[in-house]
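Notes for the structure review
If you want the building blocks of each chain, they are given just below.
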Amino acid sequence: MNKKDALAFVENYLTKERFEHTKRVAETAVVLANQYHVSEENAEIASIFHDYCKYRPLEEMKRIIQTTYLPKDLLLYHHELWHGPVASVKIEEEYGIADDEIKSAIYYHTTGRANMSDLELVVFVADYIEPGRNFPGLDEVREMAKKDLIRAAWMVSRNTIQYLMQKNNRIYPDTFYAYNDLTRLIHGGN
Ligand SMILES: [Fe+2]
Ligand SMILES: [Fe+2]
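Remember, predicted model here, so these are calculated numbers, not experimental data.

The iron ion (ligand 1) binds to the protein through Asp51 (OD), His83 (NE2) and His109 (NE2); the donor distances cover 2.1 Å. Of note, the iron ion (ligand 1) draws all its donor residues from one chain, in the sequence arrangement D-x31-H-x25-H. By relative accessible area, His109 is classed as buried at 2%.

Attention now goes to the packing of aromatic side chains. All chains considered together, the criterion is met by 11 aromatic pairs. A ring pair is formed by Tyr77 and Tyr172, whose centres lie 5.0 Å apart and whose planes are at 90 degrees; its orientation type is edge-to-face. Residue Tyr77 is located in the loop between helix H4 (58–67) and helix H5 (83–95), and its partner Tyr172 is located in the loop between helix H9 (149–166) and helix H10 (173–187); the two are separated by 95 residues in the primary sequence. Of the residues examined, Tyr172 reaches a relative accessible area of 7% and is grouped as buried. Cluster of aromatic residues (ring-pair linked, three or more members): Phe9, Tyr13, Phe49, Tyr52 and Tyr95.

Protein coordination at the iron ion (ligand 2): the donors are His21 (NE2), His50 (NE2), Asp51 (OD) and Asp127 (OD), at 2.2 to 2.3 Å from the metal. Within one chain, the residues serving as donors to the iron ion (ligand 2) are arranged as H-x28-H-D-x75-D. Between the two metals, the iron ion (ligand 2) and the iron ion (ligand 1), the spacing is 3.7 Å, and Asp51 donates to both. According to the relative accessible area criterion, His50 is buried, its value standing at 0%.

Let us look at empty space enclosed by the protein. Enumeration over the complete set of coordinates arrives at one cavity of 30 Å³ or more. Forming the walls of the largest cavity are Leu74, Leu81, Pro85, Tyr107, Tyr108, Thr110, Thr111, Tyr172 and Asp174. By residue class, the composition of the lining of the largest cavity is six nonpolar, two polar and one charged.

With that out of the way, let us pick up the pattern of salt bridges. This structure, assessed with the given rule, holds 19 salt bridges. For Lys3, the salt bridge identified is with Glu44, shortest N-O distance 3.4 Å. Here the residue Lys3 occupies a position in helix H1 (residues 3–11), and Glu44 occupies one in helix H3 (residues 40–49), the gap between them amounting to 41 residues. Across the pair Arg24 and Glu130 runs a salt bridge whose closest N-O atoms are separated by 2.6 Å. Placement of Arg24 in helix H2 (residues 16–35) and of Glu130 in the loop between helix H7 (118–129) and helix H8 (138–147) is noted, with a sequence separation of 106 residues between them. For Glu130, a relative accessible area of 2% corresponds to the buried category. When salt bridges that share partners are traced, they join Arg56, Glu60, Lys90, Glu93 and Glu94 into one network.

This next bit is on H4. Listed as buried for H4 are Glu60, Met61, Ile64 and Ile65. Down the axis of H4, the buried side of the element spans an arc of 135 degrees, and every buried residue falls inside it. Along H4, the residues that are exposed and aim more than 90 degrees away from the buried face are Glu59 and Thr67. Considering only its buried residues, H4 is in contact with H5.

The next point concerns the packing of H3 against helix H6 (residues 100–107). In contact at an axis separation of 9 Å, H3 and H6 are set at 45 degrees when each is read in the N-to-C sense. By the angle between their directions, the pair H3 and H6 is classed as oblique. Crossing handedness for the pair H3 and H6: right-handed. Packed against H3, whose contacting residues are Asn42, Ile45, Ala46 and Phe49, the element H6 presents Ile102, Ala105 and Ile106 at the interface. Looking at the contact of H3 with H6 residue by residue, the classes come out as six nonpolar, one polar and no charged.

What counts, and at which threshold
Residues numbered from 1 in each chain as written. Chains lettered and ligands numbered in written order. Predicted model: local features only at pLDDT ≥ 70, side-chain atom pairs only at ≥ 80, totals over all residues. Heavy atoms only, no water. Donors = N, O, S within 2.8 Å, 3.2 Å for Na, K, Ca; no water. Buried < 20%, exposed > 50% of the residue type's maximum accessible area, 1.4 Å probe, protein only. Phe/Tyr/Trp six-rings, centres within 6.5 Å; stacked < 30°, edge-to-face > 60°. Helix = DSSP H or I, 4+ residues; strand = E, 2+ residues; numbered from the N terminus. 1 Å grid on protein atoms, 1.4 Å probe; cavity = no way out; pocket = protein on both sides within 12 Å on 5 of 7 lines; lining within 4 Å. Points joined across faces, edges and corners; volume = space filled by probe spheres on them. Nonpolar A, V, L, I, M, F, W, Y, C, P; charged D, E, K, R; others polar. Salt bridge = Lys/Arg side-chain N within 4 Å of Asp/Glu carboxyl O. Arc of directions from axis to C-beta. Contact = heavy atoms within 4.5 Å. Axes fitted to C-alpha atoms, helices over the stretch in contact; angles between N-to-C directions. Parallel < 35°, antiparallel > 145°, perpendicular 65-115°, else oblique. Left-handed = near helix turned anticlockwise from the far one by under 90°.

Okay, here's the thing in structure tokens:
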């Protein structure tokens, strides 16, 4: 895949700010990929496309969820959760990328899930810690990402759950599954 072409392609679908975020996620993901022995190219492609469906009309995203293999329970949750799964479908249709690992990293970048691959963890963490982000607790995650990818991802899922609960938002099950699975990996237990 040509990186320049891919960036030019996604730029059409993104705001200026979101495009800048996308490039920073890709750069961050490449660093993490090298550090944790994940394919740099796959981390870069997944990052470039991770948000590219964020601004699709809600009706279009809804239709894609309804008419493809995507789980229908997504429709019961906030539409902010739709753009990852939808992008994992559209990237194949619109850009010919059919690699399941890349598609999964895009699919789960917002929620995480149980048994995440290293590539999924890299994109999940990179999206959260890219240098343009700034909110309380972020430096702790950035520091951890230099030492331990699993623990950094665990912090991301913990922080996300805490944030959503503070706002009295509902939480998609995969977010809990990610947290539980990462907690088990770190602390053991059933
Ligand atoms: Fe996203
Ligand atoms: Fe993002």
